[in-house]
Amino acid sequence: MSNIIKQLPDSVANQIAAGEVIQRPASAVKELLENAVDAGAGDIKLVVKDAGKTLIQVIDNGSGMTPMDARMCFERHATSKISKAEDLFAIRTMGFRGEAMASIAAIAQVEMKTRPHGDELGSCLKVEGSGLTEQETCQCAAGTNIAVRNLFFNVPARRNFLKSNNTETRHIIEEFIRVSAINPQIAFSMLHNDKVVFKLQAGSLKSRIVGIFGKPYNERLLPVQQKTDVLTISGFIGKPEFAKKTRGEQYFFVNKRYIRHAYLNHAVSNAFTELIPSDAHPSYFLNIEINPEDIDINIHPTKTEVNFKEAGYVYAILHAAVKQSIGKYSLTPTIDFNLNPEVETAFSQLPRKDLKQPGININPDYNPFKQSSSAGFEKPHHRPQGQQGWQKLYTETLPGQKTETSGREENEEAEQGLLETGHASPFFQLQQRYILTNVKSGMMLIDQQKAHERILYESFLEQLSGNIAASQQQLFPQTIPFSPDDAGILRSLKNEIGKLGFVMETFGASSFVVKGVPSGLKETDVAAILEKIVQNFKEQSTDLQSDKNINLARSMAANLSIKAGTRLEEREMADIFQRLFLCKVPQVSPDGKNILAIVPLTEIEKFLK
Ligand SMILES: Nc1ncnc2c1ncn2[C@@H]1O[C@H](COP(=O)(O)OP(=O)(O)O)[C@@H](O)[C@H]1O
Ligand SMILES: [Mg+2]
């Protein structure tokens with residue numbers, strides 16, 4: 001038998017290798033944009049025709065290349081960014097493999113003009129299917145201008161495999177966003193079929209995000225900043241109320257390189273759990289600066305994964321940083337119902353951040369379980385300023401009610417009209433489950449149990465953070481036995497449980513004597529709730545104090561909330577309504593369910609046609 005193994009010609013080998021790096025027009029866009037960033041450009045323009053199938057052009061004002069480098073850059077494994085193996089552990093540039101230009105040249109017709117800033121003349125080159133067809137000295141702007149035409153012209157299978165123009169354009173835009181979002185110091189623009197898609201000025205990260213995603217983002221972002229010896233996390237998260245139903249605006253960067261990381265995504269999402277519906281995804285734009293030695297990016301050119309040496313540590317810091325940011329800044333409820341702008345305006349006038357959830361904290365004795373609840377009803381003692389917001393939301397819709405709420409006295413009056421029974425009631429209970437009320441654009445439905453859970457949850461969180469004292473009721477001492485394991489957990493929570501209003505002492509090896517409980521808790525429920533608390537702690541994944549508190553507050557709120565099926569007096573409904581809108585997050589229950597919905601008049605009209 002004769003020998004059959006032959007070395008492939010370079011052009012074929014290059015084509016095969018190119019397929020690894022350049023899979024679609026968007027991959028070429030990514031590589032060219034990253035090269036321009038690496039070249040230190042202050043201005044980068046992307047011009048695309050027919051979803052990149054006809055033309056992808058990137059024009060930068062970066063370093064430019066000498067005639068020799070301009071020729072060299074199309075060779076495989078030709079790079080100016082690393083020169084020895086150790087350099088792999090100190091990578092600060094986007095590129096380092098020296099494969100992109102060679103790959104692009106293997107599967108397209110490329111024309112490049114480039115000139116270093118100090119040089120008078122530049123070089124113009126044409127490369128096609130890996131072969132240089134022309135190189136001459138020419139006049140051109142400083143920087144590099146590279147035009148890639150007819151991608152995959154010599155790989156018909158690949159070309160036919162491309163998706164519709166819409167899909168390919170989406171991919172290109174996504175790559176454009178990934179590179180431009182994290183480089184706000186660089187001006188970027190994108191033209192598609194002669195139309196401007198993006199025009200982004202150099203500026204701050206915030207202005208860049210707003211430039212990309214639109215003006216409303218000005219109001220939607222919370223800064224995140226955390227520095228430790230090992231890493232620095234900076235960027236923005238979207239406020240909880242703007243979490244999306246689809247996983248869209250989630251951007252992690254490590255040393256300004258876009259990455260995906262399921263574990264770190266969990267660190268962020270988890271910080272939002274009690275604040276957003278369970279099927280919603282928070283937005284984030286976060287950069288982690290870390291010593292390149294502590295990560296491994298050397299995986300695959302098209303992969304967006306990064307391995308961290310200390311992933312657990314990064315998780316904990318990230319989680320805490322996001323939590324802190326939410327806690328610090330999101331005291332301002334901004335409800336986006338995507339509905340009538342009037343409703344939004346009314347909501348935007350809700351009490352603002354200087355408020356400290358007054359009602360809930362001051363009147364913990366109020367227990368809507370009790371049938372005689374209206375007797376125990378008390379109005380919150382504090383009247384936060386600016387509270388006309390929620391009143392306005394519906395008082396204006398009630399015919400015959402005073403709508404002027406300018407002076408203090410009139411305020412009081414409006415409140416009387418609102419809270420007192422006897423007049424036409426602004427609240428109606430549906431099926432002993434929902435509270436219905438008027439809003440400007442139609443009807444608001446509130447789930448009574450979830451609303452009350454949210455109110456209690458925030459109130460218990462306040463107690464746990466030590467801002468207010470818990471109120472207690474005395475018990476005839478009850479001895480409750482636990483397994484040694486569970487008793488250990490309870491002992492470790494002694495401090496927190498005390499803050500919630502439990503008075504208990506250890507008894508024997510693993511029993512407790514309970515002498516006092518948070519007011520509102522039924523004697524018969526004491527053992528059950530302590531067990532629930534222990535159970536929740538077994539499932540908890542982190543040791544953070546904030547998670548501890550959330551866990552406890554959740555268990556307590558779930559246990560003590562008014563359940564569906566409880567009849568409510570009008571005053572109780574008014575009270576729940578009022579306290580709900582003093583919550584930090586009135587629209588979502590602690591376990592991530594929607595608390596309220598607005599049925600617009602237009603919908604109601606449609607029903608009745
Ligand atoms: N826009 C540009 N401006 C200046 N130099 C560039 C540009 N694009 C590419 N180069 C040079 O060409 C080399 C090869 O580019 P590339 O194939 O993308 O590999 P890598 O980016 O991994 O080094 C780069 O290392 C750089 O020196
Ligand atoms: Mg590169």
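What counts, and where the lines are drawn
Residues numbered from 1 in each chain as written. Chains lettered and ligands numbered in written order. Predicted model: local features only at pLDDT ≥ 70, side-chain atom pairs only at ≥ 80, totals over all residues. Helix = DSSP H or I, 4+ residues; strand = E, 2+ residues; numbered from the N terminus. Buried ≥ 20, exposed ≤ 12 C-beta atoms within 10 Å, placed from the backbone. Contact = placed C-beta atoms within 7 Å. pLDDT = per-residue confidence, 0-100. Expected span 1.5 Å × (residues − 1). Arc of directions from axis to C-beta. Near = placed C-beta within 6 Å. Nonpolar A, V, L, I, M, F, W, Y, C, P; charged D, E, K, R; others polar. Axes fitted to C-alpha atoms, helices over the stretch in contact; angles between N-to-C directions. Parallel < 35°, antiparallel > 145°, perpendicular 65-115°, else oblique. Left-handed = near helix turned anticlockwise from the far one by under 90°. Pairing = 2+ DSSP bridges. Core = buried A, V, L, I, M, F, W, Y, C linked by C-beta atoms within 7 Å.

*Asks:* Quick one: what's the story with the overall build of the chain, residue by residue and with numbers?
*Replies:* A tally of regular secondary structure across the chain gives 21 helices and 22 strands. Here the chain, with 609 residues, has 39% of them falling under the buried criterion. Long-range contacts, defined as pairs at least 24 residues apart, comprise 70% of the intrachain contacts of the chain with a sequence gap of at least 6.

*Asks:* Let's hear about the confidence of the model for the chain: which residues, and what values?
*Replies:* For the chain, mean pLDDT is 82; residues scoring 70 or higher make up 82% of the total. Per-residue pLDDT stays below 50 along residues 331-423; that stretch engages in 148 contacts with residues further than four places along the chain or on separate chains.

*Asks:* Provide a residue-level description of the environment of Ala528, including the pertinent values.
*Replies:* Examined against the element boundaries, Ala528 turns out to sit in helix α18 (residues 526-539). Residue Ala528 is classed as exposed on the basis of its C-beta count, with 12 C-beta atoms lying within 10 Å. In the structure, Ala528 is positioned 31 residues away from Asn559 in sequence and 9.1 Å away in space, judged by C-alpha atoms.

*Asks:* So what about helix α1 (residues 10-21)? Which residues, and what values?
*Replies:* The first and last C-alpha atoms of α1 sit 16 Å apart over twelve residues, in line with the 16 Å expected at 1.5 Å per residue. When α1 is considered as a whole, its buried residues turn out to be Asn14, Gln15, Ala18 and Val21. Down the axis of α1, the smallest arc covering the buried residues is 115 degrees, so these residues share one side. Residues Val12 and Ile16 are exposed on α1 and point more than 90 degrees away from its buried face. The secondary structure elements touched by the buried residues of α1 are α2 (25-38) and α4 (100-107).

*Asks:* Describe in detail the site of ligand 1, supporting the description with residues and values.
*Replies:* Of all residues adjacent to ligand 1, which total 24 residues, the nearest are Asn35, Ala39, Cys73, Thr79 and Gly95. Listing elements by their share of the shell around ligand 1, those giving two or more residues are α2 and α4. Considered class by class, the residues forming the shell around ligand 1 number nine nonpolar, nine polar and six charged.

*Asks:* I'd like a description of the packing of helix α15 (residues 448-464) against helix α20 (residues 570-580), backed by residues and values.
*Replies:* For the pair α15 and α20, the least separation of the axes is 9 Å and the interaxial angle reads 50 degrees. The angle between the axes of α15 and α20 places the two elements in the oblique class. Considering only the axes of α15 and α20, their crossing is left-handed. Within the contact between the two elements, α15 uses Gln448, Ala451, His452, Arg454 and Ile455 and α20 uses Ile576, Arg579 and Leu580. Among the residues making up the contact of α15 with α20, the classes are represented as four nonpolar, two polar and two charged.

*Asks:* Let's hear about the sheet that holds strand β9 (residues 221-227): which residues, and what values?
*Replies:* Two orientations exist for strands paired in a sheet by backbone hydrogen bonds: parallel and antiparallel. Strands sit in the order β9-β10-β13-β11-β12 across an open sheet of five strands; the sheet is mixed. Strands at the two margins of the open sheet, each flanked by one partner only, are β9 and β12 (257-259). The sheet shows a mean angle of 20 degrees between the axes of neighbouring strands, taken without regard to direction. The pairing of β9 with strand β10 (residues 231-238) spans seven bridges and is antiparallel. Across the sheet, the residue bridging to Leu222 is Ile237, located in β10.

*Asks:* Tell me about unusual backbone geometry, and please be specific about residues and values.
*Replies:* One non-glycine residue, His77, lies in the positive phi region at around 60 degrees. Along the chain, the position of His77 falls in the loop between α3 (67-72) and α4. According to the C-beta neighbour criterion, His77 is exposed, with 9 such atoms within 10 Å. Of note in the backbone geometry, Ser130 takes a positive phi value of approximately 75 degrees without being a glycine. Within the fold, Ser130 resides in the loop between β4 (122-128) and β5 (131-138). Residue Ser130 is classed as buried on the basis of its 23 C-beta neighbours within 10 Å.

*Asks:* Lay out the environment of Phe427 in plain terms, naming residues and giving numbers.
*Replies:* With respect to the element layout, Phe427 can be found in strand β16 (residues 427-430). The buried category is assigned to Phe427, around which 23 C-beta atoms lie within 10 Å. As a C-alpha pair, Phe427 and Phe577 span 150 residues in sequence and 9.2 Å in three-dimensional space. Setting aside chain neighbours within four positions, we find Phe427 in contact with Ile435, Thr437, Glu570, Met573, Ala574 and Phe577.

*Asks:* Quick rundown of the pairing of strand β8 (residues 195-200)? Include the residues and the values.
*Replies:* Of the pairings in the sheet, the one linking strand β7 (residues 187-192) to β8 comprises five bridges and is antiparallel in character. Opposite Leu191, over in β8, you have Val196 as the bridge partner. Remark: two residues form the turn of the hairpin made by β7 and β8, two consecutive strands paired antiparallel; Asn193 in that turn has positive phi of roughly 45 degrees.

*Asks:* Describe the nonpolar core, listing the residues and the values that go with them.
*Replies:* In terms of nonpolar packing, the biggest core is built from 136 residues, with Leu33, Ile104, Leu318 and Phe460 touching the most fellow members. Among residues more than four places away in sequence, those in contact with Phe460 are Leu500, Leu552, Ala553, Met556 and Ala557.

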